[in-house]
Amino acid sequence: MNTSDLDNGTGDRRDGTADGIDESVTAELARLRDSIDNIDAAVVHMLAERFKCTQQVGHLKARHQLPPADPGREASQIARLRQLAENAKLDPAFAEKLLNFIIAEVIRHHETIAAGEE
């Protein structure tokens, strides 16, 4: 390794690895990080597709003067997602927090559409 591989002399390399780590560990770390990056990209694309659908729902609700929020639907979706999370060995509380965040954003979009701002 030459000194240009070092970041400000801390012993950490620019690629995020530390000096002295076995190359097989570094390679495995890179492989896992590549997988994480691919999954993150898929999550972003899936969320984009989901929001395209919820935008259409927002327009349909606005045309028919339906409320932006649907507490019954939200409750059933949360219960459904919690069960999916449990089956997938994901913390259901985390899944619920994530869905609540998404639902809040969807409702905000629906309110914007209903107000004629979109």
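Residues numbered from 1 in each chain as written. Predicted model: local features only at pLDDT ≥ 70, side-chain atom pairs only at ≥ 80, totals over all residues. Heavy atoms only, no water.

Caption draft 1: Spatial organisation of helix H2 (residues 71-87). The end-to-end C-alpha distance of H2 is 24 Å, a good match for the 24 Å that 17 residues give at a rise of 1.5 Å each. Looking at H2, one finds that the buried residues are Glu 74, Gln 77, Ile 78 and Ala 85. Along H2, the residues classed as buried sweep out an arc of 105 degrees about the axis, all on the same side. Check the buried side of H2 and you find it contacts helix H3 (92-114). (Helix = DSSP H or I, 4+ residues; strand = E, 2+ residues; numbered from the N terminus. Expected span 1.5 Å × (residues − 1). Buried < 20%, exposed > 50% of the residue type's maximum accessible area, 1.4 Å probe, protein only. Arc of directions from axis to C-beta. Contact = heavy atoms within 4.5 Å.)

Caption draft 2: Focus on a nonpolar patch on the surface. A surface patch of nonpolar side chains, amounting to about 240 Å² of accessible area, comprises Ile 39, Val 43 and Leu 47. Looking at where Leu 47 falls in the secondary structure, it is placed in helix H1 (residues 23-63). Classification of Leu 47 by relative accessible area gives partly exposed; the value is 30%. (Patch = residues over 30% accessible without salt bridge, like charges linked within 9 Å, V, L, I, M, F, W, Y side chains within 5 Å. Areas by Shrake-Rupley, 256 points an atom, 1.4 Å probe, with all protein chains shown as cover. Salt bridge = Lys/Arg side-chain N within 4 Å of Asp/Glu carboxyl O.)

Caption draft 3: Broad picture of the packing of H1 against H3. The geometry of H1 relative to H3 is characterised by a closest axis approach of 9 Å and an angle of 40 degrees between their N-to-C directions. Considering the angle they form, H1 stands oblique to H3. The element H1 and its partner H3 pack so that their crossing is right-handed. Residues Leu 47, Arg 50, Phe 51, Thr 54, Gln 55, Val 57, Gly 58, His 59, Lys 61 and Ala 62 of H1 touch H3, and the partners they reach there are Leu 99, Ile 102, Glu 105, Val 106, His 109, His 110, Ile 113 and Ala 114. Looking at the contact of H1 with H3 residue by residue, the classes come out as nine nonpolar, six polar and three charged. (Axes fitted to C-alpha atoms, helices over the stretch in contact; angles between N-to-C directions. Parallel < 35°, antiparallel > 145°, perpendicular 65-115°, else oblique. Left-handed = near helix turned anticlockwise from the far one by under 90°. Nonpolar A, V, L, I, M, F, W, Y, C, P; charged D, E, K, R; others polar.)

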